[in-house]
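As a plain string of letters, each chain reads:
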Amino acid sequence: MHWASRCFGRGNCTRMPCTVSSAFNALTSAASSSCIVSAGSVCLNEEDAALPGFGIGTRFHSSPVVRLADAKPLALGHLIKVDARWRRFAFCPDEDPSASNSAIRRLCDFLATSPASPILAYTRPDEDIDAVIDLRVILQQQSRDLSLERPAGLPFPAQGRYGLIDYEKVFCAVSVQGRHIFDMRGIDRKKGCLVIVRPDQHVAHVVPFEAHAAQAQFFDCFMVCRASPLDDQPARGHAGIRQ
């Protein structure tokens, strides 16, 4: 048992299998094979300055956040339901998210209109827009500094038969014991990053926020595309990604 004690002490682990990692395959990118959650961060590539502290292949570590819609404190990882959906957690750069040229606005424009959008490519016309790939956004601003009256670029999709707007997709990062969650996870505040999480709640890939093509290419490796990503009958809720 001595080796087990040393392992738990060195990694500051809990009894949950958060540090168990899976082998690199089509569902787990090998872009950052040396990334270890508890021991620091590494660059994704030579041109990327974002240093995400999420180990590829390891379980997605939860983070305290505040939901923008009602300022309710939540644990980000606890929001993931066992429903076979993929998750994309967008940790936004430090900028005004409501600006017309903001990074989150460009990401939402790509997901809503681009022929290469994985959300449009793999969602059937009779499904909600987030039925296959669910996008969650984490902003650096405090909830009291942002307004739902100006949600340009934020993902508030229409849901269900009646097209009700889902306001529970956007969150604000909070500080824990004086440390900002972006700093705790090693995320570059200026550039942000996007974390792709598998349905089993393990990190599949971490990519730069602006690397839209890389995000699409990851899903193209193993998912089956419908006949036409931009046909005449878009996925239900497509118009709900507010522009």
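Residues numbered from 1 in each chain as written. Predicted model: local features only at pLDDT ≥ 70, side-chain atom pairs only at ≥ 80, totals over all residues. Heavy atoms only, no water.

1. Structural notes on the overall build of the protein
Okay, step 1: Assigned secondary structure in the protein consists of five helices and 11 strands.
Okay, step 2: Taking all 243 residues of the protein together, the buried fraction comes to 49%.
Okay, step 3: Long-range pairs, those at least 24 residues apart, make up 68% of the contacts in the protein between residues at least 6 apart in sequence.
Okay, step 4: Per element, the accessible surface of the protein, about 12,200 Å² overall, is 54% carbon and sulfur. (Helix = DSSP H or I, 4+ residues; strand = E, 2+ residues; numbered from the N terminus. Buried < 20%, exposed > 50% of the residue type's maximum accessible area, 1.4 Å probe, protein only. Contact = heavy atoms within 4.5 Å. Areas by Shrake-Rupley, 256 points an atom, 1.4 Å probe, with all protein chains shown as cover.)

2. Focus: the pattern of salt bridges
Pairing between side chains of opposite charge can happen when the charged atoms of each approach one another.
Okay, step 1: Counted by the stated rule, this structure contains 17 salt bridges.
Okay, step 2: A salt bridge links Glu127 to Arg124; its shortest N-O distance comes to 3.3 Å.
Okay, step 3: Bridged by salt links that share partners, the residues Asp83, Arg85, Arg87, Asp130, Asp134, Arg136, Asp166 and Lys169 form one connected network. (Salt bridge = Lys/Arg side-chain N within 4 Å of Asp/Glu carboxyl O.)

3. A word on the sheet that holds strand S4 (residues 133-139)
Okay, step 1: Strand order across the open sheet formed by seven strands is S2-S1-S7-S4-S3-S10-S11, with mixed pairing between neighbours. Two strands lie at the open edges of the sheet, namely strand S2 (73-75) and strand S11 (203-207), each paired on one side alone. Taking each pair of neighbouring strands and ignoring which way they run, the sheet shows an average axis angle of 30°.
Okay, step 2: Pairing between strand S3 (residues 86-91) and strand S10 (residues 193-197): five bridges, direction antiparallel. Each residue of the ladder has a partner; that of Arg87, found in S10, is Val197.
Okay, step 3: Where helix H2 (residues 103-113) meets the sheet, it contacts S3, S4 and S10, and its direction lies at approximately 155° from that of S3.
Okay, step 4: Together, S3, S4, S10 and S11 form the strand contacts of helix H5 (residues 212-220), whose direction differs from that of S3 by roughly 165°. (Pairing = 2+ DSSP bridges. Axes fitted to C-alpha atoms, helices over the stretch in contact; angles between N-to-C directions.)

4. Description of the pairing of S10
Okay, step 1: Burial analysis of S10 places five of its five residues in the buried class, which makes it a mostly covered element.
Okay, step 2: Taking every second residue as pointing to the same face, both faces of S10 are buried, with Cys193, Val195 and Val197 on one and Leu194 and Ile196 on the other.
Okay, step 3: The pairing of S10 with S11 spans four bridges and is antiparallel. Pairing of Leu194 across the sheet is with Val207, part of S11.
Okay, step 4: Counting the residues that bridge the hairpin from S10 to S11 gives five residues, and of these Gln201 lies at a positive phi of roughly 70°.

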